[in-house]
Every structure is written in structure tokens, then in C-alpha cells.
Amino acid sequence: MVDALERFAPLPLQEGFDNAGLQVGLTEEEVSGALLCLDVTEKVVEEAVGLGCNLIVSHHPLIFHALKRISDADYVQRIILKAIENKVAVVSMHTNFDNAMNGVNFKIGEKIGLGGCRFFASKVVDGIECGSGVIGSLSEPMSSRDFIEMLKSTFDVDCVQCNQLLRRKIEKVAVCGGAGAFLLTDAIANGADAFVTGEMHYHDYFGTEQAIQIAVIGHYQSEQYTNEIFKTIIEGRCLGVRAYLTKTNTNPIIYL
């Protein structure tokens, strides 16, 4: 099953800082069921055990920074211990899925209703075209206000961080799940009317007034539908394997 995920988004597509792939567990274990999630938490491990799943597939890596020991010192180590104790393997598919054709950003574009999605600022890795963001067009131009309200509804967002509202209609939209500020200049250069991402720094908003509509919807919210990609791949290529979308909301940020 891991092979099916890696065929869709080969590990060489991941960024150099990343740690996608097997995080915990044995490589040859037969899969009894897979729980699909954005983040791995203790509750997610408990959910997997309750469903009879011995595999968790997450978007964000459980092990991102090098570990010198496994104890109960922090939440990552506690999760690893819980997974091992319950014989649950953990596999993470992160920036390789961000960068893959029909990956995370294409899914975001699909949810927004963009047509003709393609990479912008693309690159080629091992002969495979890939990129960190996609750009496409709405079927009908929208006002900035209506566009932002649509994002709030589609991604179940309490609020959207924006720059000055654009005074022209929005039609061409660039998207990058997670932290996408590094693509803002490329989005403008590619003629995007709006740029949708998960998070940006304060100073990134300056100097963009009426150049592009920035819409920051939250890191978790922007990537929450990644599980649907996992499920489609597993159900299409791994017949007989039960795949479940997690019911655990792992977003650590709340809005009051």
C-alpha cells in the first residue's frame, strides 16, 4: 500500500528539509486497515486501534526533527511509544504530495472550483514535472467579498486573513496549501487575481494592494482534504484494504 502512495507521489519529490515516508513500524506487515489524517496525535492512534487499523497515513510527518531517544519527554515521543505498543505503523506523505501532479494543491483547486489547473513555478525532479503551487480559473468571475465568503464556507473557516480587498473581479486563482508565502511573487507574475494559502507572515502582506487578493485560510484548513487523495489511491490500487478518514480534528489553533 505504501508503494501505491509512493508511485503517485515519489519520495524524491519531497523538499530537502522534509522527512516523508515510513515513520514508525515494519515495512512488510500486512495492512488490516488504514486511518488517514493530517496530523498524528495520541487520539488519532487510539482511533486507529479502535477501528482495527494497524496503519496510519498522515500528511504531516510525525518525526520531523531528529530524535536522540524515545521516552515520554514530549508529545512526539509519546505518540511513537503508543504506536509501537499497539503495533500501529505510521507513514507520512508530505511535500511529495504537495508537489505531485493531482496532489494537495490540485485538490484545493478542485474544492475552490478551479478549471485548467497547472503548476506555476514548476520544476522537474527525476524526469517528473512537479511544483509547490497550482493556478487555475473560476468558471465565473467573482467579487473579492464573494470569493472570500466562498472560501469560508468551502473550508469551514471562521475567518480569512486578507490584504486590501481587490476592486476588480477575481477569476485567475493561485493556491498553495500550508505555508505558501514564498510563492506570492510567482503568483503575481503568473497573472493571478487571488492567492490562497494556509499561512503567511505579517510583512508578506505589504506592497500587494490591488496587485493580488491574498486570502489566508489557516494551515490545517487548507490541507484538510488531503485525506481524500489518500483514500482514492488506496481504494483504487489496494483492493480489500479498508481506509477511514479520521474523525479527529487535529488543528491546534482555535478561534475565539
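Structure shown above.
All values reported here derive from a predicted model rather than from experimental measurement. (Residues numbered from 1 in each chain as written. Predicted model: local features only at pLDDT ≥ 70, side-chain atom pairs only at ≥ 80, totals over all residues. Heavy atoms only, no water.)

Student: With reference to specific residues and values, describe the overall build of the chain.
Tutor: For the chain, the helix and strand inventory stands at nine helices and 13 strands. Taking 2.2 N^0.38 as the reference for a compact globule, 256 residues should give roughly 18 Å; the C-alpha atoms of the chain span a radius of gyration of 19 Å, in line with that estimate. Taken along the three principal axes of its C-alpha coordinates, the chain extends 55 × 45 × 30 Å. Taking as baseline every contact in the chain between residues at least 6 positions apart, the subset at least 24 positions apart corresponds to 66%. Taken as a whole, the chain presents about 12,500 Å² of accessible surface, with 51% of it coming from carbon and sulfur. A distance of 3 Å separates the average location of the 21 positive side-chain charges in the chain from that of its 32 negative side-chain charges. (Helix = DSSP H or I, 4+ residues; strand = E, 2+ residues; numbered from the N terminus. Rg over C-alpha atoms; globule rule 2.2 N^0.38 Å. Contact = heavy atoms within 4.5 Å. Areas by Shrake-Rupley, 256 points an atom, 1.4 Å probe, with all protein chains shown as cover. Lys, Arg positive; Asp, Glu negative; His and termini not counted. Charge placed at Lys NZ, Arg CZ, Asp CG, Glu CD.)

Student: Can you lay out the sheet that holds strand 12 (residues 213-216) for me, pointing to particular residues and giving the numbers?
Tutor: Overall, mixed pairing links the six strands, which are arranged 5-8-10-11-12-9 in an open sheet. Every other strand in the sheet has two partners, leaving strand 5 (114-120) and strand 9 (161-162) as the edge strands with one partner each. By the bridge criterion, five bridges tie strand 5 to strand 8 (residues 133-142) in an arrangement that is antiparallel. Residue pairing in the sheet places Leu 114 in a bridge with Leu 138 of strand 8. With respect to the sheet, helix 5 (residues 104-112) is in contact with strand 5, strand 8, strand 10 (170-179) and strand 11 (194-199), its orientation differing from that of strand 10 by roughly 135°. Sheet contacts for helix 6 (residues 144-154): strand 8, strand 9, strand 10, strand 11 and strand 12; angle to strand 8, the most-contacted strand, approximately 120°. (Pairing = 2+ DSSP bridges. Axes fitted to C-alpha atoms, helices over the stretch in contact; angles between N-to-C directions.)

Student: Which residues make up the pairing of strand 2 (residues 34-37), and what values go with them?
Tutor: Because side chains alternate across strand 2, one face comprises the buried residues Ala 34 and Leu 36, and the other comprises Leu 35 and Cys 37, equally buried. Pairing of strand 2 with strand 3 (residues 55-58), which is carried by four bridges, proceeds in the parallel orientation. Across the sheet, residue Leu 36 finds its bridge partner in strand 3, namely Val 57. Taken together, strand 2, helix 2 (residues 42-51) and strand 3 form a β-α-β motif whose crossover is right-handed. Sheet topology note: the strand 2/strand 13 (residues 243-245) ladder contains three bridges and is parallel. Bridge pairing links Ala 34 to Ala 243 in strand 13. (Buried < 20%, exposed > 50% of the residue type's maximum accessible area, 1.4 Å probe, protein only. Right-handed = clockwise from strand over helix to strand, strands pointing away.)

Student: Outline the packing of aromatic side chains, listing residues and values.
Tutor: Tallying each qualifying case throughout the model produces six aromatic pairs. Cluster of aromatic residues (ring-pair linked, three or more members): Phe 8, Phe 97 and Phe 230. For Lys 111, the ring lying beneath its charged end belongs to Tyr 225, and the centroid distance is 4.4 Å. (Phe/Tyr/Trp six-rings, centres within 6.5 Å; stacked < 30°, edge-to-face > 60°. Lys NZ or Arg CZ within 6 Å of the ring centre and 35° of its normal.)

Student: How would you explain the nonpolar core if you had to name every residue and give the values?
Tutor: Membership of the largest hydrophobic core comes to 48 residues, with the highest contact counts inside it found for Phe 97, Ile 112 and Phe 147. Setting aside anything within four residues of it in sequence, one finds Ile 112 in contact with Leu 138, Phe 147, Met 150, Leu 151, Phe 155, Val 175 and Val 196. Counting residues in each nonpolar core, the second largest holds 17 residues, with Leu 35, Ile 56, Ile 63 and Ile 79 among its members. (Core = buried A, V, L, I, M, F, W, Y, C linked by side-chain atoms within 4.5 Å.)

Student: Report on the pattern of salt bridges, specifying residues and quantitative values.
Tutor: Within this structure, the stated rule accounts for nine salt bridges. Lys 82 is paired through a salt bridge with Glu 46; the nearest N and O atoms lie 3.4 Å apart. Note that Lys 82 is positioned in helix 3 (residues 75-85) and Glu 46 in helix 2, a separation of 36 residues in sequence. Since its relative accessible area comes to 44%, Glu 46 is described here as partly exposed. In this structure, Glu 235 engages Lys 231 in a salt bridge whose closest nitrogen and oxygen atoms are separated by 2.4 Å. With Glu 235 and Lys 231 both in helix 9 (residues 226-237) and four residues apart, the pair spans about one turn of that helix. (Salt bridge = Lys/Arg side-chain N within 4 Å of Asp/Glu carboxyl O.)

Student: Now, about the sheet that holds strand 3: what can you tell me, with residues and values included?
Tutor: Hydrogen bonding along the main chain pairs the strands of a sheet, whether they run parallel or antiparallel. Taken in spatial order, the five strands line up as 1-4-3-2-13 in an open sheet, and their pairing is mixed. Pairing within the sheet leaves two strands with one partner each, and these edge strands are strand 1 (21-24) and strand 13. Taken pair by pair, the neighbouring strands of this sheet meet at an average axis angle of 25°, ignoring direction. Along the sheet, helix 2 contacts strand 2, strand 3 and strand 13; its crossing angle with strand 2, the most-contacted strand, is approximately 150°.

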